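Notes for the structure review
Spelled out, the chains give:
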Amino acid sequence: ELADGDARVALNTLELAALTTPADKDGVINLNKEIIEDSMQKKILNYDRSGDNHYDIISAFIKSMRGSDPDAAIYWLARMIEGGEDVKFIARRLIILASEDIGNANPTALIMANNTFQAVNTIGFPEARIILSQCVIYLATSAKSNASYQAINKAQALVKETGDLSVPLSIRNAPTKLMKDLGYGDNYKYAHNYENSFTQAEFMPDEIKNKMIYEPGKNKREEQLRQFLKGRWTGKYKY
């Protein structure tokens with residue numbers, strides 16, 4: 001129970017208890033609940049990694065970062081660390097949040113989170129707590145956008161609704177003469193042959209052409225992306 005199902009924690013605690021408990025006159029080391037509790041290297045918190053409290057705390061952790069509250073985020077991080085949470089689990093959640101809740105409002109967030117995962121995986125606790133703290137504060141104080149998350153949700157829903165639509169002939173691969181004779185790749189406009197490496201072309205199946213999926217978020221960087229796309233796709237997508 002004290003190890004919360006983690007065999008590594010259980011064995012480490014048992015080893016510490018055995019090493020620090022003197023044997024009796026017969027050379028036998030007798031362990032009891034009190035000795036085991038004293039041997040725990042950190043105090044026992046109400047943090048069941050497979051129970052409701054675990055999910056409540058990780059939820060509070062994620063929502064604090066999403067809500068741009070670094071103080072609350074660090075508090076919940078500390079709760080997880082003191083509760084014996086797996087460092088990789090925490091780091092994976094940071095990677096997900098960096099893309100789902102920050103995205104292109106600050107693309108460096110994903111790099112930061114991924115580097116954090118690599119670093120803490122190499123170092124481990126207790127030093128990993130410092131790296132996690134740095135990343136959590138960075139993510140919590142970053143600009144936020146869920147536009148990429150919304151875009152893939154919308155695209156997947158569209159695929160489920162419209163099914164297996166055909167790829168336009170102009171952008172099909174044409175590795176054989178037969179495919180070329182059938183019109184594969186005909187009228188494809190190579191973007192780099194045009195000014196600014198761009199020319200309006202159709203890349204969607206005919207049934208859903210002009211369908212706008214990505215809606216840039218309302219933040220400084222994605223507003224710049226909106227203006228860029230608006231200038232490129234005048235008259236096609238309503239950016």
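Now for a description of the structure that goes with this document. (Residues numbered from 1 in each chain as written. Predicted model: local features only at pLDDT ≥ 70, side-chain atom pairs only at ≥ 80, totals over all residues. Heavy atoms only, no water.)

Some details on the overall build of the protein
Which entries qualify depends on this criterion: A run of H or I in DSSP becomes a helix once it reaches four residues, and a run of E becomes a strand once it reaches two; helices and strands are each numbered from the N terminus. Computation of the radius of gyration draws on C-alpha atoms, with the globule rule given as 2.2 Å multiplied by the number of residues to the power 0.38. Contact definition: two residues touch when any of their heavy atoms are within 4.5 Å. Exposure was quantified through the Shrake-Rupley algorithm and a 1.4 Å probe, taking into account, for residues, occlusion by the shown protein chains and nothing else. Neither His nor the chain ends contribute to the count of charged residues, in which Lys and Arg are positive and Asp and Glu negative. Throughout, a charge is located at the NZ atom of Lys, the CZ atom of Arg, the CG atom of Asp or the CD atom of Glu.
A count of helical and extended segments in the protein gives 10 helices and 0 strands. Across the protein, helices and strands are ordered from the amino to the carboxyl terminus as α-α-α-α-α-α-α-α-α-α. Whereas a compact globule of 239 residues would reach a radius of gyration of roughly 18 Å, the protein reaches 27 Å, over 25% beyond that. Taken over the C-alpha atoms alone, the protein extends approximately 95 × 45 × 30 Å along its principal axes. Contacts spanning at least 24 positions in sequence make up 61% of the contacts within the protein whose residues lie at least 6 apart. As displayed, the protein offers around 15300 Å² of accessible surface, 52% of which is attributable to carbon and sulfur atoms. The averaged location of the 31 negative side-chain charges in the protein is 11 Å from the averaged location of its 30 positive side-chain charges.

A short note on the nonpolar core
Rules: To form a nonpolar core, buried Ala, Val, Leu, Ile, Met, Phe, Trp, Tyr and Cys residues must be joined to one another through side-chain atoms within 4.5 Å. We call a residue buried when its accessible area falls under 20% of the maximum for its residue type, exposed when it is over 50%, and partly exposed in between, using a 1.4 Å probe and counting protein chains only.
If you look at the biggest cluster of nonpolar residues, it comprises 28 residues, and the most contacted ones within it are F61, M65, L77, L94 and L139. For this core, the secondary structure elements donating two or more residues are α3 (52–66), α4 (70–82), α5 (87–102), α6 (108–123) and α7 (128–140). Apart from residues no more than four positions distant in its own chain, L139 is found in contact with M65, L94, L97, A98, I102, A109 and K144. A151, M204, M212 and W233 belong to the second largest nonpolar core, which has 13 residues in total.

Some thoughts on the packing of α5 against α6
What counts here: Every axis corresponds to a line fitted to the C-alpha atoms, with the helix fit spanning only the stretch in contact, and the corresponding angles, defined between N-to-C directions, vary from 0 to 180 degrees. Small angles under 35 degrees read as roughly parallel and large ones over 145 as roughly antiparallel, with 65 to 115 read as roughly perpendicular and the rest as oblique. Throughout, the ten residues Ala, Val, Leu, Ile, Met, Phe, Trp, Tyr, Cys and Pro are labelled nonpolar, Asp, Glu, Lys and Arg are labelled charged, and all others, Gly among them, are labelled polar.
As a packed pair, α5 and α6 sit with axes 8 Å apart at the nearest point and diverge in direction by 175°. As far as their axial angle goes, α6 and α5 are roughly antiparallel. Contacts between α5 and α6 pair V87, K88, A91, R92, L94, I95, A98, S99 and I102 from the former with A109, L110, A113, N114, T116, F117, V120 and N121 from the latter. Here the residues of the contact of α5 with α6 are counted per class, giving 11 nonpolar, 4 polar and 2 charged.

Points about the environment of N153
Secondary-structure assignment places N153 in helix α8 (residues 147–162). As a C-alpha pair, N153 and I213 span 60 residues in sequence and 9.3 Å in three-dimensional space.

Comments concerning the pattern of salt bridges
Convention followed: A pairing counts as a salt bridge when a side-chain nitrogen of Lys or Arg comes within 4 Å of a carboxyl oxygen of Asp or Glu.
Under the counting rule described, the total for this entry stands at 7 salt bridges. Among the ionic pairs, K177 bridges to D181, the shortest N-O distance being 3.0 Å. Taken together, the positions of K177 and D181, both in helix α9 (residues 177–181) and 4 residues apart, correspond to about one turn of that helix. Across the pair, exposure class does not vary: K177 and D181 are exposed alike. In this structure, R226 and E223 form a salt bridge, with 3.8 Å as the shortest nitrogen-oxygen distance. Here R226 and its partner E223 are both found in helix α10 (residues 220–232), 3 residues apart, which amounts to about one turn of the helix. Residues joined in a network through salt bridges with shared partners are R66, E100 and D101.

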